[in-house]
Amino acid sequence: MVDRDPTPVERRFLDMIAKLKQSDAIDVRGERKGDISDVVEDTAAGFALLEELFGITLDPALVDHHVRYWELGIHWYEAGASVGAGGEFVLRELVDALMSGPPDAGSVRDEEEAALFGELRVIDYLPDSGESAFAAVRLAKDTLAPRTWVHWFPHGLFELELDYPGYLEALLLTRGFYGWQFLYADVRLADPAYAPLADLIRTGLDFLAAALPDPRYEELETRLADRLR
């Protein structure tokens, strides 16, 4: 395997993963770092091939947020805690994700959701935690729709206030703690049906504030408070 130099956005993810691994407050259960395919080593060429083969045109601005590794992620938990904070993400390379087709629609609740599943392409998933969840982009007229989506069983699909670059930026900030996507969804977490999810988010935020302080968490706290009203 050729060791290719990371791009700026790839370096940010690699640095975030390294800091999680180096923290005494965190136990790492797994890590994934796939190869960079020759097809997408040059991002512009990879985007052009996607358009040629599948008719999908990507905004050239996405070049700056293209993580070329076939997959990249980490699975972590609060060290020494039988019940505590945790997180996981596995980013899929965007061109491969778009070529791979829609997710399995076996858990959809109605025909409308089934139709939406057909337009989704998975960009981030949780293979090791036991949580049945993924994040996706949506195809619309042979390009990406402005918003990303999250599916979390048993709650279903939610549109997020994030485009693809915004999803990556939020993932970098949250370190992938469980449930973080719902801070960007139109959802009332005070509803008893969402109590376990709200607890996951509260636990994750509290842990990050103690283990990896960052003043930008204030935005996440505001988002959580808004959804708990």
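Bear in mind that the values here come from a model prediction, so they are computed numbers and not experimental data. (Residues numbered from 1 in each chain as written. Predicted model: local features only at pLDDT ≥ 70, side-chain atom pairs only at ≥ 80, totals over all residues. Heavy atoms only, no water.)

Let's talk about the side chain of Arg68
In plain terms, the rule: For the purposes of this entry, the term helix denotes a DSSP run of H or I that reaches at least four residues, the term strand denotes a run of E that reaches at least two, and both are numbered from the N terminus. When accessible area is computed with a 1.4 Å probe and restricted to protein chains, residues below 20% of their type maximum are described as buried, those above 50% as exposed, and intermediate ones as partly exposed. Polar contact is defined as a pair of N or O atoms within 3.5 Å, subject to the rule that within protein one atom must be able to donate a hydrogen and the other to accept it, and that residues adjacent in sequence are counted only when both atoms are side-chain atoms. Residue contacts follow a heavy-atom distance rule, with two residues in contact if any of their heavy atoms lie within 4.5 Å.
Position of Arg68 relative to the elements: it lies in the loop between helix H3 (43-54) and strand E2 (71-78). Residue class for Arg68 comes out buried when judged on its relative accessible area of 6%. From its side chain, Arg68 meets the backbone oxygen of Glu41 in a polar contact 2.9 Å long. Excluding its chain neighbours within four sequence positions, the residues that come into contact with Arg68 are Asp5, Pro6, Thr7, Glu10, Asp35, Ile36, Val40, Glu41, Thr43 and Glu93.

Focus on the pairing of strand E4 (residues 120-125)
Remark: a regular strand shows side chains that alternate across the two faces of the sheet. In plain terms, the rule: Any two strands are treated as partners once DSSP identifies two or more bridges connecting them.
Within E4, 5 of the 6 residues are buried, which leaves it mostly tucked inside the rest of the structure. Judged from the 2 bridges that link them, strand E3 (residues 86-92) and E4 form a sheet pairing that is antiparallel. Within the sheet, the bridge partner assigned to Val90 lies in E4 and is Tyr125. With 5 bridges connecting them, E4 and strand E5 (residues 133-140) associate as antiparallel partners. When the bridges of E5 are listed, Val122 appears paired with Ala136.

Here we look at the layout of surface pockets
This is how the line gets drawn: Each cavity reported here is a set of points on a 1 Å grid over the protein atoms alone in which a 1.4 Å probe fits but cannot get out, each pocket an open set with protein on both sides within 12 Å along at least five of seven lines, and each lining residue one with an atom within 4 Å of a point. Grid points are joined across faces, edges and corners, and a volume is the space filled by probe spheres set on the points. Any residue that is not Ala, Val, Leu, Ile, Met, Phe, Trp, Tyr, Cys, Pro, Asp, Glu, Lys or Arg is counted as polar, Gly included; the first ten are nonpolar and the last four charged.
In this structure, the largest pocket encloses a volume near 220 Å³. In this structure, the largest pocket is lined by Arg12, Asp15, Met16, Lys19, Glu169, Leu172, Leu173, Arg175, Leu212, Pro213, Asp214 and Arg216. Of the residues that constitute the lining of the largest pocket, the class distribution is 5 nonpolar, no polar and 7 charged.

Notes on the nonpolar core
Which entries qualify depends on this criterion: What we call a nonpolar core is a set of buried Ala, Val, Leu, Ile, Met, Phe, Trp, Tyr and Cys residues that are connected through their side-chain atoms within 4.5 Å.
Phe13 and Phe182 are the most contacted members of the largest nonpolar core, which totals 64 residues. Residue contributions to this core peak at 7 residues, all from helix H6 (residues 164-174). Phe13 has contacts with Val67, Leu72, Phe89, Leu91, Leu168, Leu171 and Leu172, leaving out every residue within four places of it along the chain. Phe117, Leu120, Ala136 and Trp149 belong to the second-largest nonpolar core, a separate cluster that totals 8 residues.

What to know about the packing of aromatic side chains
To keep it simple, the criterion reads: Stacked, edge-to-face and tilted are the three classes for Phe, Tyr and Trp ring pairs, Trp counted by its six-membered ring, which pair at centre distances within 6.5 Å; planes under 30 degrees apart are stacked, over 60 edge-to-face, the rest tilted.
One pass over the full model with this rule turns up 9 aromatic pairs. Geometrically, the ring pair formed by Tyr167 and Trp180 is tilted, given 5.0 Å between the ring centres and 50° between the ring planes. With Tyr167 in helix H6 and Trp180 in the loop between H6 and helix H7 (195-211), the pair connects residues that are 13 residues apart, well separated along the chain. Like Tyr167, the residue Trp180 is buried in the burial classification. Counting every residue linked through ring pairs, the aromatic cluster contains Trp152, Phe158, Phe182 and Tyr194.

Examining unusual backbone geometry
Backbone torsion omega between Phe153 and Pro154 reads 10°, so that peptide bond is classified as cis. Mapped onto the elements of the fold, Pro154 is located in the loop between strand E7 (149-152) and strand E8 (156-159). In the Ramachandran plot, Asp142 falls in the positive-phi region, its phi being about 65° despite a non-glycine side chain. Within the secondary structure layout, Asp142 lies in the loop between E5 and strand E6 (143-144). Its relative accessible area of 48% is what places Asp142 among the partly exposed residues. Backbone geometry at Arg175 places phi at a positive 60°, although glycine is not the residue there. Position of Arg175 relative to the elements: it lies in the loop between H6 and H7.

Quick word on the pairing of E8
When E7 meets E8, the two strands line up antiparallel, connected through 4 bridges. When the sheet's bridge partners are listed, His151 is paired in E8 with Leu157. The turn linking E7 back onto E8 is made up of 3 residues.

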